[in-house]
Amino acid sequence: MVRAIGALERGKLQLTKQSDEGVTYAAKIEKAEARIDWNKPARGVLRHIHGLSPFPGAWGEIGIEGEPARVKILRCEMIEGSGAAGDLLDDRLAVACKQGAIRILELQRAGKAPMKAEDFLRGTPLKPPMRLT
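So, a few notes on the structure that sits alongside this text. Small disclaimer: the values here were computed from a predicted structure and weren't measured. (Residues numbered from 1 in each chain as written. Predicted model: local features only at pLDDT ≥ 70, side-chain atom pairs only at ≥ 80, totals over all residues. Heavy atoms only, no water.)

**Examining unusual backbone geometry**
To keep it simple, the criterion reads: Put simply, DSSP marks the helices as runs of H or I at least four residues long and the strands as runs of E at least two long, and each gets a number from the N terminus on. A 1.4 Å probe rolled over the protein chains alone gives each residue an accessible area, and that area as a share of the maximum for its type sets the label: buried under 20%, exposed over 50%, partly exposed in between.
The peptide bond linking Ser53 to Pro54 adopts the cis configuration, its omega dihedral lying at 0°. Counting through the fold element by element, Pro54 comes out in the loop between α3 (42-51) and β1 (58-64). Despite not being glycine, Glu65 shows a phi value in the positive range, around 55°. Along the chain, Glu65 falls in the loop between β1 and β2 (67-79). According to the relative accessible area criterion, Glu65 is exposed, its value standing at 81%. With a phi close to 65°, Leu93 is a non-glycine residue in the positive phi region. If you trace the backbone, Leu93 turns up in the loop between β2 and β3 (94-96).

**Notes on the nonpolar core**
Rules: For our purposes a nonpolar core is just a set of buried Ala, Val, Leu, Ile, Met, Phe, Trp, Tyr and Cys residues, chained together by side-chain atoms within 4.5 Å.
Trp38, Ile49, Leu93, Ile102, Ile104 and Leu132 are the most contacted members of the largest nonpolar core, which has 29 residues in total. For this core, the elements supplying multiple residues, two or more each, are α3, β1, β2, β4 (101-109) and α4 (117-123).

**Some remarks on the environment of Ser19**
Put simply, the rule reads: Whenever a nitrogen or oxygen atom comes within 3.5 Å of another N or O atom, the pair is scored as a polar contact, on the condition that within protein one atom can donate a hydrogen and the other can accept it, and that pairs from neighbouring residues in sequence are kept only if both atoms are in side chains.
Here Ser19 is to be found in the loop between α1 (2-10) and α2 (31-34). Sequence separation between Ser19 and Ile73 is 54 residues, and the spatial gap between their C-alpha atoms is 36 Å. There is a polar contact of 3.0 Å between the side chain of Ser19 and the backbone nitrogen of Glu21.

**Some thoughts on the pattern of salt bridges**
Rules: Salt bridges are identified by distance alone: a Lys or Arg side-chain nitrogen within 4 Å of an Asp or Glu carboxyl oxygen.
This structure, assessed with the given rule, holds 5 salt bridges. The closest approach of N and O atoms between Glu106 and Arg75, which form a salt bridge, is 3.3 Å. In this pair, Glu106 is assigned in strand β4 and Arg75 in strand β2, connecting sequence segments 31 residues apart. Residue Glu106 is classed as partly exposed on the basis of its relative accessible area, which comes to 23%. Arg103 is paired through a salt bridge with Asp90; the nearest N and O atoms lie 3.0 Å apart.

See below:
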């Protein structure tokens, strides 16, 4: 990388066309594949969420006003914590995974704009013992 940047600065960077041989296309990601499996370790859940963000987006469901609502989770971080997989651990969107926990930092409800977790919680207070599925 250092050599490439140096060559670019000197105007001597030589681009090489990548061969078309062996090129394959990834299959479309189905909605079921984007659903978060809280029975995975926290690191796997974090990678799943970040790997699918922002599109198509990893998602789960949570009961809001007595109805299951799909929520796309766009950004999260690993935290200390434990509980049953999918359980909300606090009122700041910490969610238990099979091993460890994550904290949701950014999310999006269906048909709404993406928002930070704290903004979401102002209009939709969530507290334990709620569960994400």
